[in-house]
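Coordinate inspection notes
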Amino acid sequence: MPLTPLDIHNKEFSTGFRGYNIDEVNEFLDQVIKDFELLIKEKKEQEERVAILNERVDYYKSLEENLSKSILVAQETAEDVKSNARKEAQLILKESEKNADRIVNEALAKSRKIAIEIEELKKRASVYRMRFRTLLEAQLEMLENGDWDNIEQPQVDSPVTVE
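Residues numbered from 1 in each chain as written. Predicted model: local features only at pLDDT ≥ 70, side-chain atom pairs only at ≥ 80, totals over all residues. Heavy atoms only, no water.

The protein chain goes by DivIVA domain-containing protein in an unreviewed UniProt entry, where it is assigned to Brevibacillus porteri. Per UniProt, the protein chain has the following entry under Subcellular location (unreviewed entry): "Cytoplasm". (UniProt positions renumbered as here; feature names shortened; annotations may be inferred.)

See the structure below:
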């Protein structure tokens, strides 16, 4: 068991012939007691300080661990956000491509329909022009034919006089 200041204080030495001076020994023991008490007090303060510092270290370790976990969670969340954004972008791109294909197909169908209508109108115009030309040629032939001069007058029972 370690010595205590009380042990030192209560220690008695036997005296012999020509032994130590009792006053000097007592003064020295008093000084040792004071120094020993001071050392014990400093030791307790240091132990308390170590305990406080250990608590702080534990707190900072806990804080560091929490921060590390938070950083990992943030990184995972960031990766999830990136992944979701990529997926959403791909979906938007696919949807846009579908819409573009649909629009192109509709436009092609409309252009084909218009081309067919144009061809039909061209055919009609050609037929109309041919009929009109035929009619005009027939009329010209009638004009050029001298038949206009020989048109018979209708016979009437009574002569018509022209004045």
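Considerations on the overall build of the protein chain
Counting secondary structure elements, the protein chain contains two helices and zero strands. Here the protein chain, with 163 residues, has 2% of them falling under the buried criterion. If you sum the accessible surface of the protein chain, you get close to 16200 Å²; carbon and sulfur atoms cover 57% of it. (Helix = DSSP H or I, 4+ residues; strand = E, 2+ residues; numbered from the N terminus. Buried < 20%, exposed > 50% of the residue type's maximum accessible area, 1.4 Å probe, protein only. Areas by Shrake-Rupley, 256 points an atom, 1.4 Å probe, with all protein chains shown as cover.)

Remarks on the UniProt feature "coiled-coil region" (unreviewed entry) in the protein chain
According to UniProt, the feature "coiled-coil region" (unreviewed entry) maps to residues 26-56 and 86-124 in the numbering used here. As annotated, residues 26-56 has a helix share of 100% and a strand share of 0%, and its two end C-alpha atoms lie 44 Å apart. Split by type, residues 86-124 is 100% helix and 0% strand. Its first and last C-alpha atoms lie 56 Å apart.

Describing the pattern of salt bridges
Scanning all chains against the criterion turns up six salt bridges. R102 is paired through a salt bridge with E106; the nearest N and O atoms lie 3.2 Å apart. Here E106 and R102 lie together in helix 2 (residues 22-144), a separation of four residues that amounts to about one turn. Residue R102 is classed as partly exposed on the basis of its relative accessible area of 41%. (Salt bridge = Lys/Arg side-chain N within 4 Å of Asp/Glu carboxyl O.)

Section: the packing of aromatic side chains
Per the counting criterion, the structure on display carries two aromatic pairs. With a centroid separation of 6.0 Å and 10 degrees between ring planes, the pair formed by Y128 and F132 is classed as stacked. Linking Y128 with F132, this pair stays in helix 2, spanning four residues, or about one helical turn. With a relative accessible area of 40%, F132 lands in the partly exposed category. (Phe/Tyr/Trp six-rings, centres within 6.5 Å; stacked < 30°, edge-to-face > 60°.)

Quick look at a nonpolar patch on the surface
Among the surface-exposed residues, Y59, Y60, L63 and L67 lie close enough to one another that they form a single nonpolar patch of about 430 Å² accessible area. The residue L67 is located in helix 2 in this model. (Patch = residues over 30% accessible without salt bridge, like charges linked within 9 Å, V, L, I, M, F, W, Y side chains within 5 Å.)

With respect to a negative patch on the surface
Residues D23, E24, E27 and D30 make up a contiguous surface patch of negative charge. Its location among the elements puts E24 in helix 2. (Lys, Arg positive; Asp, Glu negative; His and termini not counted. Charge placed at Lys NZ, Arg CZ, Asp CG, Glu CD.)

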